[in-house]
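Descriptive analysis of the structure
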Amino acid sequence: MTARRLPLSGVRVLELGNYIAAPTTGRMLADFGAEVIKIERPGTGDELRNWRLKQGSTSMLYRTINRNKKSVVLDLRSEEGRASALELVRRSDIVLENFRPGTIEKWGLGPDVLEEANPDIILVRISAFGQTGPMSERPGFAAVAEGYSGFRELVGDPDRPPVRVGISIGDSIAGMQAAFGAVMMLFDRQRQKIAGAAEAVTGSDHSFEGMESLADRTVDVALNEAMFSVMESLVPDYSAFGETRTRTGGRMEGIAPSNGYLCAGGKSVVIAGNGDGIYKRLMEAVDRPDLGEDPDLQTNAGRWDRREELDEAIGAWCADREVTEVVETLETAGVPAGPIYTAEDLVADEQLAARGMIQHLDVSTGEETLPDVAFPGITPVIGGSSIPIDHLGPDLGEHTDEVLEQLGGQLPERD
C-alpha cells in the first residue's frame, strides 16, 4: 500500500513549549506530516507527563497531545543546550514556544538570535496576554485568561459562581490559532519565493529572504485574545445596546428551546428546537401542539421570554422515555437532537469508528505496555477518514541521539 502523502511533509518544527497550548499547535502540525522536534528539560521533561497520571511515569494526556513528535532532551539554560538548539534552528522552518515573554530572550534565544541563525525562520509565540502591552510580562495559565476574555462569566448557572468547562479550552483554542498562524506564514513565505522575492534557499525547502524582520512577522497568540475571539457579539451587544450577558446554565442567550434534558434511565439528551419551523415540529413531537401554535412563541425572542415553561414541557416528556427513544422520535420529526456522550459512548460510536476517529494503539505507561488503548483520531479529515496516528507521545529523550547526530548539536553527557 502506497504511503499517504501528508500536506506538511518536509516542514520541520522546533517545539520549545510545555503544557497544552504550544504542544497542541505542534500536535496539529505533526498530525499532517511536519517533523516536530519537541525540546524537553533534562530529568522531568514536559510537566504534562505527570498531569492526570494514573499509572507509571507518563500520562495518557501527554501521549495524546504529543503524538507524532520526536522528544529531544536539552538544557536551554546551558551554553551547550543553547548551541544545540541553534543548530536545530538553522535546519528548521518554525520555532514554536509558549514560555513567559522574555524567557527565551533571557536564554539567548530571542528573535534576533533566531533570525541570525536562520533568516527564513518562522517564530510562533503563545503567552497569557501576548508579547506587547502592559500585561505582557504577567504569567498566567488559560484558566486565568478565560476570565479576562469574558468567557468564564458565561459558563454555569446564573445563581452560582462561574465554573470551568471540563477541558483546557483556552489552551486548545490558542493552540489552534497558533497552528493556523504558522501555516499562514509558511504559505506567505512560499508565495514570496514563487513571486521571486527570494533568490536562494538556505537550509530549508522554503524561503523568506528579503521580507521584513522576524520581529515583524512573528505569530503572537495571547490566551485571553484567543478566547475573546470566540465570544461572538458579546462586546458589540454591550457597546450598541448596553446589554451585559451573564450565565444561562445549559442554554444559549436569546435562543430557545435549546438545552440538555434528563431522560429515563439516567442518560441525558441535547435538543435544539430553536429554529422557527423546527420549534413547531418539536412541540408536536413532545405532545404539546398548543405551545407550537401559540402566537407569542413563533420567534426566538418570544420563546426566550418563556424558556422556563418550554423547558419544563420538554423535560417532562423526556423524563418518561429512554434516551434512544427520545432521539429516534425527534430524528423522525426532523428535530436536531442527540445523546450526551460519556467516554464509554464515544469508544462505541459507529460514526466515529467509520471515519477513523477512534484509533487503537499499544501504549507504555513507563512501567508496562497497555494493549489496544483507544485514542482520538486526527482532525480535520482529508479523503474520507482520519489519517492514522503514526506514534503516540514519545518517551523522554527518545530521539535525542537520532536528531542531534542527524541535524547537528552536542550530544548530552550520560551519567
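Residues numbered from 1 in each chain as written. Predicted model: local features only at pLDDT ≥ 70, side-chain atom pairs only at ≥ 80, totals over all residues. Heavy atoms only, no water.

1. Comments concerning the domain arrangement of the protein
The figure often quoted for interface size is the accessible area lost as the parts come together. Going by this rule: Source of the domain bounds: an automatic or database domain assignment.
Domain assignment breaks the protein into domain 1 (12–231 + 379–407) and domain 2 (258–343). Inter-centroid distance (C-alpha atoms) of domain 1 to domain 2 is 42 Å.

2. Let's talk about the sheet that holds strand β7 (residues 258–262)
Hydrogen bonds between backbone groups are what pair the strands of a sheet, and the pairing can be parallel or antiparallel. Threshold: Each pair of strands is called paired provided DSSP finds at least two bridges between the two strands. Counting from the N terminus, the helices are DSSP H or I runs at least four residues long and the strands are E runs at least two residues long. Between N-to-C directions, angles span 0 to 180 degrees; the directions come from axes that are lines fitted to C-alpha atoms, helices contributing only their stretch in contact. Only heavy atoms matter for contacts: two residues are in contact if any of them lie within 4.5 Å across the pair.
On the basis of which strands lie adjacent, the open sheet formed by three strands has the order β7-β8-β9 and antiparallel pairing. Sheet topology places β7 and β9 (337–339) at the edges, where each strand pairs with a single neighbour. For this sheet, the mean angle separating the axes of adjacent strands, direction not counted, is 20°. Sheet analysis places strand β8 (residues 268–272) next to β9, joined by three bridges and oriented antiparallel. Within β9, the position partnered with Ile271 by the bridge is Ala337. Across the face of the sheet, helix α15 (residues 323–333) comes into contact with β8 and β9 while running at roughly 20° to β8.

3. Concerning helix α6 (residues 142–149)
The line we're drawing: Think of it in three bands: residues with accessible area under 20% of the maximum for their type are buried, residues over 50% are exposed, and the middle band is partly exposed, with areas taken using a 1.4 Å probe on protein chains only. It is the directions from the helix axis to the C-beta atoms whose arc is reported.
Taken together, the buried positions of α6 are Ala142, Ala145, Glu146 and Ser149. Buried residues in α6, looked at end-on, bunch into an arc of 105°, giving them a common side. Among the structural elements, α7 (169–194) and α9 (223–228) are those in contact with the buried residues of α6. In the segment just after α6, Gly150 is the residue with positive phi, at about 95°.

4. Focus: the pairing of strand β5 (residues 122–127)
Two faces make up the sheet, and in a regular strand the side chains alternate between them. Judged by how many residues are buried, β5 sits mostly within the fold: six of six residues are covered. Neither face of β5 is left uncovered, since the one carrying Ile122, Val124 and Ile126 and the one carrying Leu123, Arg125 and Ser127 both have all their residues buried. Note: strand β4 (residues 94–97) against β5, four bridges, orientation parallel. Paired with Leu96 across the two strands is Val124, which belongs to β5.

5. Looking at the packing of helix α11 (residues 276–285) against helix α14 (residues 307–319)
As a reminder of what qualifies: Oblique is the label for every angle not falling under 35 degrees (roughly parallel), over 145 degrees (roughly antiparallel), or within 65 to 115 degrees (roughly perpendicular). Each helix crossing is assigned a hand: it is left-handed if the near helix lies turned anticlockwise from the far helix by less than a right angle, otherwise right-handed if that turn is clockwise. Any residue that is not Ala, Val, Leu, Ile, Met, Phe, Trp, Tyr, Cys, Pro, Asp, Glu, Lys or Arg is counted as polar, Gly included; the first ten are nonpolar and the last four charged.
Across the interface, α11 lies against α14 with an axial gap of 10 Å and an inter-helix angle of 45°. Taken together, the axes of α11 and α14 lie oblique to each other. Classified by chirality, the crossing of α14 by α11 is left-handed. Residues Tyr279, Leu282, Met283 and Ala285 of α11 form the contact with α14, whose own contacting residues are Leu310, Ile314 and Trp317. Looking at the contact of α11 with α14 residue by residue, the class counts come to seven nonpolar, no polar and no charged.

6. A closer look at the environment of Ala179
Among the secondary structure elements, Ala179 is positioned in helix α7. Sequence spacing of Ala179 and Gly26 is 153 residues, and the spatial spacing of their C-alpha atoms is 7.5 Å. When near neighbours in sequence (up to four residues on either side) are disregarded, Ala179 contacts Thr25, Met28 and Leu29.

7. A few points about a nonpolar patch on the surface
This is how the line gets drawn: Any residue with relative accessible area above 30% and no salt bridge may belong to a patch, with like charges joined within 9 Å and the nonpolar Val, Leu, Ile, Met, Phe, Trp and Tyr side chains within 5 Å. Residue exposure ignores everything except the shown protein chains as possible cover, and the areas themselves are Shrake-Rupley values with a 1.4 Å probe. When a carboxyl oxygen of Asp or Glu lies within 4 Å of a side-chain nitrogen of Lys or Arg, that pair is called a salt bridge.
On the surface, Tyr341, Leu346 and Val347 cluster together into a nonpolar patch covering about 250 Å² of accessible area. Mapped onto the elements of the fold, Leu346 is located in helix α16 (residues 343–347). For Leu346, a relative accessible area of 36% corresponds to the partly exposed category.

8. Overview of the side chain of Asn259
Selection criterion: A 3.5 Å cut-off defines polar contacts: any pair of N or O atoms within that distance qualifies, except that in protein one atom must be a possible hydrogen donor and the other a possible acceptor, and neighbouring residues in sequence count only when both atoms are side-chain atoms.
You can see Asn259 is positioned in strand β7. Polar side-chain contacts of Asn259 include one of 3.0 Å to the side chain of Asp311. Here Asn259 is in contact with Gly250, Arg251, Val269, Val270, Ile271 and Asp311, once residues within four sequence places are set aside.

9. What about the sheet that holds strand β3 (residues 69–73)?
Taken together, the six strands give an open sheet; going across it, the order is β3-β2-β1-β4-β5-β6, and neighbouring strands pair in parallel fashion. Both edges of this open sheet fall to β3 and β6 (219–222), since each of them pairs with a single strand only. Sheet twist, expressed as the average angle between the axes of neighbouring strands with direction ignored, equals 20°. Two strands pair when backbone bridges link them, and strand β2 (residues 35–40) and β3 are joined in this way by five bridges, in the parallel orientation. In the strand pairing of β3, Glu40 is matched with Val73. Where helix α1 (residues 21–31) meets the sheet, its contacts fall on β1 (12–15), β2, β3, β4 and β5, and the angle it forms with β4 comes to roughly 145°.

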